[in-house]
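# Coordinate analysis (summary)
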Amino acid sequence: MRQSKVFIPTLREVPAEAEALSHRLLLKAGLIKQSTSGIYSYLPLATRVLNNITSIIREEMEKIDAVEILMPALQPSELWEESGRWEAYGSELMRLTDRNGRQFALGPTHEEVVTSLVRDELKSYKQLPLTLFQIQSKFRDEKRPRFGLLRGREFIMKDAYSFHADEASLDETYNDMYDAYGRIFKRAGINARPVVADSGAIGGSHTHEFMALSEIGEDTIVYSENSDYAANIEKAEVVYEPKAHDEALLELEKVETPNAHTAQEVADFLNRPLDQITKSMVFKVDGEFVIVLVRGHHEVNDVKLKAYFGTDNIELASQDEIINLVGANPGSIGPIQEKGIKVYADNFVQEIPNIVVGANEDGYHYVNANPERDFNVEAFGDFRFILEGEPLSDGSGEAKFAEGIEVGQVFKLGTKYSESMNATFLDNQGKAQPLIMGCYGIGVSRTLSAIVEQNNDDNGIIWPKSVTPFEVHLITINPKKDDQRELGDELYQALQASFEVLYDDRKERAGVKFNDADLIGLPVRVVVGKRAAEGIVEVKRRDNGESEEVAAADLVNYVKDLYEQI
Ligand code: ATP
Ligand code: MG
């Protein structure tokens, strides 16, 4: 295409709030434009890349017998009432009302719709397994939309759902999807790693996330250098081996700790190491307040709490709730209390005696507190995040950390939706059984951003061949000069037989054109300039910057060879 006819509004300056590199590059190279927070238009170059990504996805889905459909984005609230998620999904669900007062959601995901779609049709084990997928815009009113396409409120997802008569069949499709996802990300030019993830409080038993390694990633991956262990930090188990200690239990003592609110401040004030201080956090679990204890250098992992308590409905109590509950501020909470609030403690709280805990009175702590003697612990468990360097649960050595962007997830749902929504089939004994389900998502627009996050240099994007919006960038430095324009036009015709060509025929300064070309980042650049009259052009690779002068007559073959090597 002639660049003069394509809409590529490149920018010299990007808004300061664009923190992520991929967000800045996508704005700068004129691929996306924000409509409002978390909502973007995809301009021509982005649309072409998205089409390439979705082609790869479609090919790989077809290989594993997943069939494409397109379900409505507008979903009636009744379906969400059936699954119980109209309430449970909370404020992330975009809700709206039609002219007759009926309520709808803009689909954030499609388990409800797809379950209602198949439940009337899939009646016999003979129709199973079945895997359906779609590529569509999803809507989530994210609390913190950010990083451009990485966390949007409207974004494109490939979502697939599979239906099975038994677990073995689910396992098979799950493994097929897992392998297909590996191929999709590799083909799209992403270095992604599958990690074991948390499957949430209810439903699924087994899930992996695919993480594109990147500093900007919002997820921390815990991995081993000696094995293939890799887990989301939310899920990574902390190994606890009880250690006996022979220290004497000292007498409980209430001490003044004025102005010391955080564990670090208390440690500093009492002149004790941070790991001797115990943090007490108040959580509301299904409406009931509980105290969770962790050592000062540890952090509570709320995902593990959700798994432990078997509910998604867990949140940190607010300051007001805490003051109402115990009459003290959050920084002074402790397990020694007469209110009967249940106390749960991380395993490592038992590792040392004579700990420091809040006294449930502002400005005071207890020193030399000991569980059982001074307070009851309902249960000890693994309630915290693993630290880098701690032993891994597979016994392979120390935990290493990396940051990742979740580009996809595969999930064994089991019968969560088929049971609540009454989607049954008749098994080979003629008995009605709930359908066994799996679901599998890829963030298509997030993947676009992750590709840019991993493929760039100081000058701009470096598109992998598999998804590049065009293959060759042909530039005439000065189209006002007849020899340049004529040779440019001629080469444009010739190259188009073998390549998707973006032809920069604009009447812009050479500097502007080169800057734009670097930003846009097509794999090969052909420049028609001063030596046009001699029939000589310059060919340059975007990835390593190597360039060569080539005779125009040989250009097509030269570029074909070069393109093979990239
Ligand atoms: P996250 O933990 O990042 O919020 P999620 O686990 O809620 O994501 P899923 O429900 O598994 O997301 O959705 C499938 C895929 O859709 C994710 O793996 C991710 O790639 C993509 N995705 C989810 N939320 C967003 C978003 N707000 N913007 C862009 N892509 C998203
Ligand atoms: Mg997910």
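Residues numbered from 1 in each chain as written. Chains lettered and ligands numbered in written order. Predicted model: local features only at pLDDT ≥ 70, side-chain atom pairs only at ≥ 80, totals over all residues. Heavy atoms only, no water.

By the naming in an unreviewed UniProt entry, the chain goes by Proline--tRNA ligase and is assigned to Staphylococcus simulans UMC-CNS-990. You can read under Catalytic activity (unreviewed entry) in the UniProt record for the chain the words "tRNA(Pro) + L-proline + ATP = L-prolyl-tRNA(Pro) + AMP + diphosphate". In its Sequence similarities (unreviewed entry) section, the UniProt entry covering the chain states "Belongs to the class-II aminoacyl-tRNA synthetase family. ProS type 1 subfamily." (UniProt positions renumbered as here; feature names shortened; annotations may be inferred.)

Our next topic: the overall build of the chain. A count of helical and extended segments in the chain gives 14 helices and 31 strands. Along the longest, intermediate and shortest principal axes, the C-alpha atoms of the chain span 95 × 70 × 55 Å. Counting the 566 residues in the chain, one finds 51% classified as buried. A fraction of 70% describes how many contacts in the chain between residues 6 or more apart in sequence connect residues 24 or more apart. Summed over its atoms, the accessible surface of the chain is roughly 25,900 Å², and 45% of this surface lies on carbon and sulfur atoms. Averaging the positions of the 61 positive and the 95 negative side-chain charges in the chain gives two centres separated by 7 Å. (Helix = DSSP H or I, 4+ residues; strand = E, 2+ residues; numbered from the N terminus. Buried < 20%, exposed > 50% of the residue type's maximum accessible area, 1.4 Å probe, protein only. Contact = heavy atoms within 4.5 Å. Areas by Shrake-Rupley, 256 points an atom, 1.4 Å probe, with all protein chains shown as cover. Lys, Arg positive; Asp, Glu negative; His and termini not counted. Charge placed at Lys NZ, Arg CZ, Asp CG, Glu CD.)

Contact pair helix H1 (residues 21-28) / helix H11 (residues 444-454): the axes reach a minimum separation of 8 Å and the direction vectors enclose 100 degrees. As judged from the angle between their axes, H1 and H11 are roughly perpendicular. Of the residues in H11, those touching H1 at Leu 21, Ser 22, Leu 25 and Leu 26 are Ser 449, Val 452 and Glu 453. (Axes fitted to C-alpha atoms, helices over the stretch in contact; angles between N-to-C directions. Parallel < 35°, antiparallel > 145°, perpendicular 65-115°, else oblique.)

This part is about empty space enclosed by the protein. Inspection of the entire model under this criterion finds one cavity of 30 Å³ or more. Within this model, the largest cavity holds a volume of roughly 30 Å³. Lining the largest cavity we find Ile 39, Tyr 40, Tyr 42, Ser 137, Glu 154, Phe 155 and Ile 156. For the lining of the largest cavity, the per-class residue count stands at five nonpolar, one polar and one charged. (1 Å grid on protein atoms, 1.4 Å probe; cavity = no way out; pocket = protein on both sides within 12 Å on 5 of 7 lines; lining within 4 Å. Points joined across faces, edges and corners; volume = space filled by probe spheres on them. Nonpolar A, V, L, I, M, F, W, Y, C, P; charged D, E, K, R; others polar.)

We now examine the environment of Glu 338. Within the secondary structure, Glu 338 sits in the loop between helix H9 (319-326) and strand S17 (342-346). Taking the relative accessible area as the measure of exposure, Glu 338 reaches 86% and is therefore exposed. Spatially, the C-alpha atoms of Glu 338 and Arg 272 are 27 Å apart, while their sequence positions differ by 66 residues.

On to the side chain of His 298, then. Counting through the fold element by element, His 298 comes out in the loop between strand S15 (288-295) and helix H8 (302-309). A residue is classified by how much of its surface remains accessible, and His 298, at 2% relative accessible area, is buried. When near neighbours in sequence (up to four residues on either side) are disregarded, His 298 contacts Lys 279, Asp 346, Phe 348, Arg 384, Leu 387 and Glu 390.

With 58 residues, the main nonpolar core has Leu 31, Met 61, Met 177, Tyr 181 and Trp 463 as its most contacted residues. Residue contributions to this core peak at eight residues, all from helix H2 (residues 44-63). Counting 24 residues, the second largest nonpolar core, distinct from the first, contains Leu 93, Met 421, Leu 435 and Met 437. (Core = buried A, V, L, I, M, F, W, Y, C linked by side-chain atoms within 4.5 Å.)

With that out of the way, let us pick up helix H12 (residues 482-496). Within an α-helix, residues lying three or four positions from one another point in the same direction, as the helix has 3.6 residues per turn. With 15 residues, H12 should cover 21 Å at 1.5 Å per step; its first-to-last C-alpha distance of 21 Å lies within 8% of that length. Taken together, the buried positions of H12 are occupied by Gln 484, Leu 487, Gly 488, Leu 491, Tyr 492 and Leu 495. An end-on view of H12 places all buried positions within 145 degrees of arc, on one side of the element. Turned more than 90 degrees away from the buried face of H12, the exposed residues are Glu 490 and Gln 493. The inward-facing, buried residues of H12 abut strand S27 (472-476), strand S28 (501-504), strand S29 (524-528), strand S30 (536-541) and helix H14 (555-565). (Expected span 1.5 Å × (residues − 1). Arc of directions from axis to C-beta.)

Two elements in contact, H12 and H14, have axes separated by 10 Å at closest approach and are oriented at 50 degrees. The angle between H12 and H14 falls in the class oblique. Both H12 and H14 take part in a crossing whose hand is right-handed. Residues Leu 491, Ala 494 and Leu 495 of H12 lie in contact with H14, whose contacting residues are Leu 555, Val 556 and Val 559. Here the contact of H12 with H14 is composed, by residue class, of six nonpolar, no polar and no charged. (Left-handed = near helix turned anticlockwise from the far one by under 90°.)

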